[in-house]
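Chain by chain, the residues run as shown.
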Amino acid sequence: MKISAIQKTTQAVADAISEAVGLETEIVSDDEIIVAGTGRYRDKVGSIEKCGDSNTNEIYGMIFRTGIKYIIEDAPEHPDYWGIEGELAEVCCPIELDGKVIGIIGLVAFDEEQKRFLIEKKQSLLNFCSKMAYLISSKAKEMAVTNGMKTILSSLSEGVFYVSQSGTVIECNEQAAKLLHENYDDVVGKNIRNIFNDDFVTDAVNMGTTFRNIERRFTNQSGRNLHFMMDIYPIKL
């Protein structure tokens, strides 16, 4: 799973970090692309991080290989720090998913005041950075599961809806939207009651009871009369 697939999330995290700690933030994917950034890194989003090659002994390269966190207190004098933006100090934290480093978050100081702050608060910053890395990793995992679900659903000839306990349609396949004579985007995220206009479906979801071969007639959101045979299966975690 590439964190570039959740670029909006990574950019939101980068913005939140910089606003919270007053340092510039860079987030790099494991294919060496800057996927999010603040300050001078913002204009570099989408470009290659020249110091991110995992085949080198540069700090980012070592993080990609080992998953080790780094605190660089004197970047210009560090032999394995190859920054080219005038970085003075940095806290680096891996983003890990299923035992693999899928990205790096870097909190960067560019002036002496930021450098002093980074060194003074280095452990707190590293802990905070780790939490933000976990947030990104969790979102990437969620996206991977969702994509897997979509792949499975798209292979089915039946219409399938995945509905939360509150009645929200979390996912459906194209066949389900087609049977309803609705667009996919008009179904996902909506409450199942509004889609089927049928209390039985909502009640069945709330009860968590299995129903098979249920015949239902209802009117969809566009006023079209529809006739379905339905199975309803609860998912218990």
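Everything in this summary refers to the structure shown in the same document. (Residues numbered from 1 in each chain as written. Predicted model: local features only at pLDDT ≥ 70, side-chain atom pairs only at ≥ 80, totals over all residues. Heavy atoms only, no water.)

**Considering the sheet that holds strand S5 (residues 100–109)**
Strand pairing within a sheet occurs via backbone hydrogen bonds; the two strands may be parallel or antiparallel. A sheet is described by the order of its strands in space; here 5 strands give the open sequence S2-S1-S5-S4-S3, paired in antiparallel fashion. Because the sheet does not close on itself, it has two edges, and the strands there are strand S2 (34–37) and strand S3 (70–72). Along the sheet, successive strands turn relative to each other by an average axial angle of 20°, direction set aside. Inspection of the sheet shows strand S1 (residues 24–29) paired to S2 by 3 bridges, in the antiparallel sense. The residue bridging Val 28 from the neighbouring strand is Ile 34, located in S2. Running over the sheet, helix H2 (residues 59–66) touches S1, S3, strand S4 (89–97) and S5 and is turned about 145° from S5. Each of S3, S4 and S5 is contacted by helix H3 (residues 112–120), which is oriented at about 125° to S5, the strand it contacts most. (Pairing = 2+ DSSP bridges. Helix = DSSP H or I, 4+ residues; strand = E, 2+ residues; numbered from the N terminus. Axes fitted to C-alpha atoms, helices over the stretch in contact; angles between N-to-C directions. Contact = heavy atoms within 4.5 Å.)

**So, the pairing of S4**
Both faces of the sheet carry side chains from a regular strand, because those side chains alternate between them. Taken across its 9 residues, S4 has 8 buried, putting it largely inside the fold. Note: S3 against S4, 3 bridges, orientation antiparallel. Bridge pairing in S4 places Tyr 70 opposite Cys 92. When S4 meets S5, the two strands line up antiparallel, connected through 9 bridges. Among the inter-strand pairings, Leu 97 is bridged to a residue of S5, identified as Lys 100. (Buried < 20%, exposed > 50% of the residue type's maximum accessible area, 1.4 Å probe, protein only.)

**Here we look at the packing of helix H1 (residues 7–21) against helix H4 (residues 122–154)**
Viewed as axis vectors pointing N to C, H1 and H4 meet at an angle of 165°, and their least axial separation amounts to 10 Å. Looking at the two axes, H1 sits roughly antiparallel to H4. In the crossing of H1 with H4, the sense of the turn from one axis to the other is right-handed. Where H1 abuts H4, its residues Thr 9, Thr 10, Val 13, Ile 17, Ala 20 and Val 21 lie against Leu 125, Phe 128, Met 132, Leu 135, Ile 136 and Lys 139. For the contact of H1 with H4, the residue count by class is 9 nonpolar, 2 polar and 1 charged. (Parallel < 35°, antiparallel > 145°, perpendicular 65-115°, else oblique. Left-handed = near helix turned anticlockwise from the far one by under 90°. Nonpolar A, V, L, I, M, F, W, Y, C, P; charged D, E, K, R; others polar.)

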